[in-house]
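Spelled out, the chains give:
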Amino acid sequence: MPAPQSPQKVPLIQLALPFCKIGLTSFGGGLSAWVYREFVTMRSWITEDEFLGALTISQILPGPNIVNLAMNIGYVLRGTIGSLFSVLALMIPPIVVIILMSVGFAQVDQYPWIHEFMEGVAAAAMGMTASVAIRNIRNSTKFGYWPIGISALVVSGIFIMKWPIVPVVLMVSIIGLLIAKNQHKRASIINEDGQVK
Amino acid sequence: MTDESLYLTLIKVFAPLSLISIGGGQSIVGDIHYQTVSLHHWLTQSQFIDLFAISRAAPGPGALLTTIIGWQLASWKGAMIASLALFLPSSVLAYFIIRVGHTKRDRPWYRWVQNGLAPVATGLILGSSLVVLRGTTGGLSPWFIAAIAAAIFIRFAKTHPIPVLLAGGCAQVMIGFFFGPN
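Every value quoted in this text rests on a predicted model; they were computed, and no experiment measured them.

Rules used throughout
Residues numbered from 1 in each chain as written. Chains lettered and ligands numbered in written order. Predicted model: local features only at pLDDT ≥ 70, side-chain atom pairs only at ≥ 80, totals over all residues. Heavy atoms only, no water. Helix = DSSP H or I, 4+ residues; strand = E, 2+ residues; numbered from the N terminus. Buried < 20%, exposed > 50% of the residue type's maximum accessible area, 1.4 Å probe, protein only. Areas by Shrake-Rupley, 256 points an atom, 1.4 Å probe, with all protein chains shown as cover. Patch = residues over 30% accessible without salt bridge, like charges linked within 9 Å, V, L, I, M, F, W, Y side chains within 5 Å. Salt bridge = Lys/Arg side-chain N within 4 Å of Asp/Glu carboxyl O. Expected span 1.5 Å × (residues − 1). Arc of directions from axis to C-beta. Axes fitted to C-alpha atoms, helices over the stretch in contact; angles between N-to-C directions. Parallel < 35°, antiparallel > 145°, perpendicular 65-115°, else oblique. Contact = heavy atoms within 4.5 Å. Nonpolar A, V, L, I, M, F, W, Y, C, P; charged D, E, K, R; others polar. 1 Å grid on protein atoms, 1.4 Å probe; cavity = no way out; pocket = protein on both sides within 12 Å on 5 of 7 lines; lining within 4 Å. Points joined across faces, edges and corners; volume = space filled by probe spheres on them. pLDDT = per-residue confidence, 0-100. Phe/Tyr/Trp six-rings, centres within 6.5 Å; stacked < 30°, edge-to-face > 60°.

Moving on, we come to the overall build of chain A. Helix and strand counts for chain A stand at seven helices and zero strands. N-terminal to C-terminal, the α/β element order of chain A is α-α-α-α-α-α-α. For chain A, with 197 residues in total, the buried portion stands at 46%. Carbon and sulfur atoms make up 66% of the accessible area of chain A, which amounts to about 9900 Å² in all.

Here you go:
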């Protein structure tokens, strides 16, 4: 893996602008692709390896992935102040927009069909969300089928059993981590013995 | 409820969710629904669905749902408090882990921790979408719309979301018009 390039000193305002743009144009998800385009493809401020590392961390940490990713890239480029600028630039414009949209919605919400319409939008959005999960499930069987079992445990806990989310996540995370650690250990033993699995 | 106790409750509801929202804001929508509709009765089912749909049709992270729930309950102050409660704890945690993780990302444990947690996030995302669908009031048609949308996005991952979301809204209006309210 190549050593990370020593970051150029990107001016804070130039760091903030792409995040402003991403925050305002990112409809319905898929934001990390935009970040890749702005920071790796268009500006070459960070390397592809740095981007992938940042993306992975942002996905396993709690919090919106895109916020964590912005914080990470800001940190790589300008340290703590860079993190702060990136996250604020990403968040503040869409916060203002979404509040204005709710105000506008309040003007029309006396018409019954508006609620039907919004319910249809929500249903399609749920389908979109589910498609992300389904794609993840299909890609998760690289190391065996146990990840499907883990995902199924979470779904049964919160959807079928209607248990509270926090204990479900904690319990199932422990199981997932134990299996993954065990598998990793066995894989390293096999590798040390020089056997190819 | 007094203002102060509402603010406190907002923080008590959203701050813990912030710390478990692994896999992004989508994973906690199910619990936000439970807390705001069933537990605290801040919103009716239909209000929740409206706000949820706005959060999906608006730009920015889907977790801005929290911002407009706060707005609905207590205007600007509510929006600010709810947003901070949802975004600040996870961000502070992420900041420190990013600082430390910066030097550790080639370590072997990094990979198995990721492998172990990824399916949990997947389950949360799927479970959350099912919980919200169960909360819709339109009978079978939202499930039908969701299934078609899911199929579209699985088959064509790069589809622009907005036309599909709008088509979903139109489909629901038309189903209601032709088959009457369920």
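Back to the text.
A contiguous nonpolar surface patch, about 610 Å² in accessible area, is contributed by Ile81(A), Leu84(A), Phe85(A), Leu88(A), Ile92(A), Val96(A) and Leu100(A). Within the secondary structure, Val96(A) sits in helix 4 (residues 65-108).

Residues and elements named next belong to chain B. The first and last C-alpha atoms of helix 7 (residues 161-179) sit 27 Å apart over 19 residues, in line with the 27 Å expected at 1.5 Å per residue. The complete set of buried residues in helix 7 reads Pro161, Val164, Leu165, Gly168, Gly169, Gln172 and Gly176. Seen from one end, helix 7 has its buried residues packed into an arc of 145°, which puts them on one side. When the buried face of helix 7 is taken as reference, the exposed residues oriented beyond 90 degrees from it are Phe177 and Phe178.

Another aspect to go through is unusual backbone geometry. Residue and element names in this part refer to chain B. One non-glycine residue with positive phi stands out, namely His41, at about 50°. For Ser75, which is not glycine, the phi torsion reads 55° and is therefore positive. Tracing the backbone shows Ser75 in helix 4 (residues 65-101). Ser75 sits in the partly exposed class, given a relative accessible area of 35%.

Now for the packing of helix 2 (residues 29-39) of chain B against helix 5 (residues 108-135) of chain B. All names here are of chain B. With their axes 7 Å apart at the nearest point, helix 2 and helix 5 run at an angle of 40° to one another. If you check the angle between helix 2 and helix 5, you find them oblique. Where helix 2 approaches helix 5, its residues Val29, Gly30 and His33 are matched on the opposing element by Ser128, Val131, Val132 and Gly135. Split into classes, the residues belonging to the contact of helix 2 with helix 5 amount to three nonpolar, four polar and no charged.

Its volume calculated, the second largest pocket comes out at about 600 Å³. Val87(A), Leu88(A), Met91(A), Leu84(B) and Phe87(B) are the residues nearest the centre of the second largest pocket, which is lined by 23 residues in total. Secondary-structure elements contributing two or more residues to the lining of the second largest pocket are helix 4 of chain A together with helix 4 of chain B. Broken down by element, the lining of the second largest pocket gets its largest block of residues, 12 residues, from helix 4 of chain A. Residues belonging to the lining of the second largest pocket are distributed by class as follows: 18 nonpolar, five polar and no charged.

Quick look at the confidence of the model for chain A now. Note: predicted coordinates in regions of low pLDDT should not be interpreted at a detailed level. When pLDDT is averaged along chain A, the result is 83, and 87% of the positions lie at 70 or above. Counted against residues more than four places away or in other chains, residues 1-7 of chain A, with its pLDDT under 50, gives nine contacts.

Moving on: the packing of aromatic side chains. Under the defined criterion, the tally for this structure stands at seven aromatic pairs over all chains. Residues Phe48(B) and Phe52(B) carry aromatic rings whose centres are separated by 6.4 Å and whose planes lie at 10° to one another, so their mutual orientation is stacked. Of this pair, Phe48(B) and Phe52(B) are both found in helix 3 (residues 45-57), four residues apart, which corresponds to roughly one turn of the helix. Each member of the pair, Phe48(B) as well as Phe52(B), is classed as buried. Of the aromatic side chains, those joined through ring pairs into one cluster are Phe19(A), Phe39(A) and Trp45(A).

Right, let's talk about the side chain of His33(B) for a bit. Relative to the helices and strands, His33(B) is located in helix 2. Leaving out residues up to four positions away in the same chain, His33(B) has contacts with Ser38(B), Gln45(B), Phe48(B), Val131(B) and Gly135(B).

A word on the environment of Met80(B). Mapping Met80(B) onto the fold places it in helix 4. When the C-alpha atoms of Met80(B) and Phe144(B) are compared, they prove to be 36 Å apart, with 64 residues separating the residues in sequence.

Our focus in this paragraph is empty space enclosed by the protein. All names here are of chain B. Applying the stated criterion across every chain, the model contains two cavities of 30 Å³ or more. Size it by volume and the largest cavity reaches roughly 40 Å³. Residue assignment for the lining of the largest cavity shows that the elements contributing at least two residues are helix 2 and helix 4. For the lining of the largest cavity, the element with the most residues is helix 4, which contributes three residues. Of the residues contributing to the lining of the largest cavity, the split by class is six nonpolar, three polar and one charged.

Assignment of secondary structure puts Thr67(B) in helix 4. The class of Thr67(B) is buried, set by a relative accessible area of 0%. Not counting the four nearest positions on each side in its chain, Thr67(B) is found in contact with Ile95(A), Ile99(A), Ala79(B) and Ser83(B).

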